[in-house]
Amino acid sequence: MPPAPRKAIFPVGGLGTRFLPVTKALPKEMLPVVDKPLIQYAVEEARAAGIEEFIFVTGRGKSAIEDHFDHSYELRDTLMARDKKAELDALEDMLLEPGQVAYIRQQEPLGLGHAVWCARHMIHGEPVAVLSADDLVLSEVPCLKQVIDAYMEVGGNLAAVMDVPREHTDRYGILDVVADDGRLVEARGLVEKPAPADAPSTLSIIGRYILDPTVFDELGRQETGAGGEIQLTDAMARTIGRVPFHGLRFEGRRFDCGSKAGFLEANVAYALERDDLRAEMREIVRRYADPAEG
Ligand code: G1P
């Protein structure tokens, strides 16, 4: 059995241009779904999957993320003075242990593969998880936990996958499938953002990965791919033959929070999950679903 991943990389250097103007001064990872920023969902998921070291690959204008995971003495004093116990506990719970968090700066936006490569000196030949805060997964078992459990069976490189409509293949890393048992899929190749007509399948990578250390050797070659960027998909593809690549069809509902519609849908879905909001939210959704009544 391979060792369980203990470290996770969170690439948070992206400019978030699709969400301008809100992302002009606010990192897109700080956009809230109900009352929690996207990045906190990703960190909590990693924590629930047993991750002990959290490595954020940031960029300019992202300091709100660092502040979010730090103490806020002013806020704490104010909440204490007002006897707001529940709020204090919630803030205390989300803090990571001293030394568990590291921030690395990606100086230039050269692609997801480059962002991951920026963390290479912190990995020390171990398998490492990568989580994209854009992909939010609502599930009973945290998505990364499902991915790690599958990784413990097969090792190598592994990513969460799902079927997408063929017209969307140019948004994702796509698997060239060699074996498929309905849950785990083995790939003989991967293609980053192929045109629908060229896609070897419609099985797409979503932002939960476990990387074998060999991927960092490939990333070190700094080869560019789709969009002129250094692609994580290409580096994983080049290790096939040395280590296997598997996709896991995970259980859960995934929201593409890198798109406006996906982000808005996530807000509705997560609000409907909440006991304190469900009834009101149902009423709102019902009202807007039938404009005649609105
Ligand atoms: C990245 C990856 C792509 C993957 C996607 C999942 O693309 O390059 O392979 O399918 O994340 O969300 P991006 O969305 O950053 O363009």
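To be clear, the structure that these remarks concern was listed above.
To start, this report covers the structure provided alongside it. (Residues numbered from 1 in each chain as written. Predicted model: local features only at pLDDT ≥ 70, side-chain atom pairs only at ≥ 80, totals over all residues. Heavy atoms only, no water.)

### With respect to the site of the ligand
Moving on, step 1. Looking at the ligand, the residues that line it are Leu 112, Asp 135, Tyr 172, Gly 173, Glu 192, Lys 193, Ile 205, Ile 206, Gly 207, Tyr 209, Gln 231 and Thr 233.
Moving on, step 2. At 2.6 Å from an oxygen atom of the ligand is found a side-chain nitrogen or oxygen belonging to Glu 192.
Moving on, step 3. One of the backbone N or O atoms of Ile 205 is found 2.6 Å from an oxygen atom in the ligand.
Moving on, step 4. Contact with the protein chains covers 76% of the free accessible surface of the ligand, which is 380 Å².
Moving on, step 5. Each residue belonging to the shell around the ligand can be placed in one class, and the counts come to 5 nonpolar, 4 polar and 3 charged. (Near = heavy atom within 4 Å. Polar contact = N/O pair within 3.5 Å; in protein donor to acceptor, adjacent residues only side chain to side chain. Areas by Shrake-Rupley, 256 points an atom, 1.4 Å probe, with all protein chains shown as cover. Nonpolar A, V, L, I, M, F, W, Y, C, P; charged D, E, K, R; others polar.)

### Observations regarding the pairing of strand S1 (residues 7–11)
Moving on, step 1. Of all 5 residues making up S1, 5 are buried, and the element is well covered by its neighbours.
Moving on, step 2. Here S1 runs beside strand S4 (residues 53–58); their pairing, made up of 5 bridges, is parallel. From the neighbouring strand, Pro 11 faces S4, where its bridge partner is Val 57.
Moving on, step 3. Across 3 bridges, the pairing between S1 and strand S6 (residues 128–131) is parallel. The residue bridging Ala 8 from the neighbouring strand is Ala 129, located in S6. (Buried < 20%, exposed > 50% of the residue type's maximum accessible area, 1.4 Å probe, protein only. Helix = DSSP H or I, 4+ residues; strand = E, 2+ residues; numbered from the N terminus. Pairing = 2+ DSSP bridges.)

### Structural notes on the packing of helix H3 (residues 73–81) against helix H4 (residues 85–93)
Moving on, step 1. Packing of H3 against H4 brings their axes to within 8 Å, and their N-to-C directions diverge by 150°. Taken together, the axis directions place H3 and H4 in an arrangement best described as roughly antiparallel. When you trace H3 past H4, the crossing you get is left-handed. Two secondary-structure elements touch here, H3 through Leu 75, Arg 76, Leu 79 and Met 80 and H4 through Glu 87, Leu 88 and Leu 91.
Moving on, step 2. Considered class by class, the residues forming the contact of H3 with H4 number 5 nonpolar, no polar and 2 charged. (Axes fitted to C-alpha atoms, helices over the stretch in contact; angles between N-to-C directions. Parallel < 35°, antiparallel > 145°, perpendicular 65-115°, else oblique. Left-handed = near helix turned anticlockwise from the far one by under 90°. Contact = heavy atoms within 4.5 Å.)

### Digging into the packing of helix H9 (residues 260–272) against helix H10 (residues 278–289)
Moving on, step 1. Two numbers describe how H9 lies on H10: the axes approach to 8 Å, and their chain directions differ by 135°. The angle between H9 and H10 falls in the class oblique. Within the contact between the two elements, H9 uses Val 268, Ala 271 and Leu 272 and H10 uses Arg 278, Met 281, Arg 282 and Val 285.
Moving on, step 2. In terms of residue class, the contact of H9 with H10 is built from 5 nonpolar, no polar and 2 charged.

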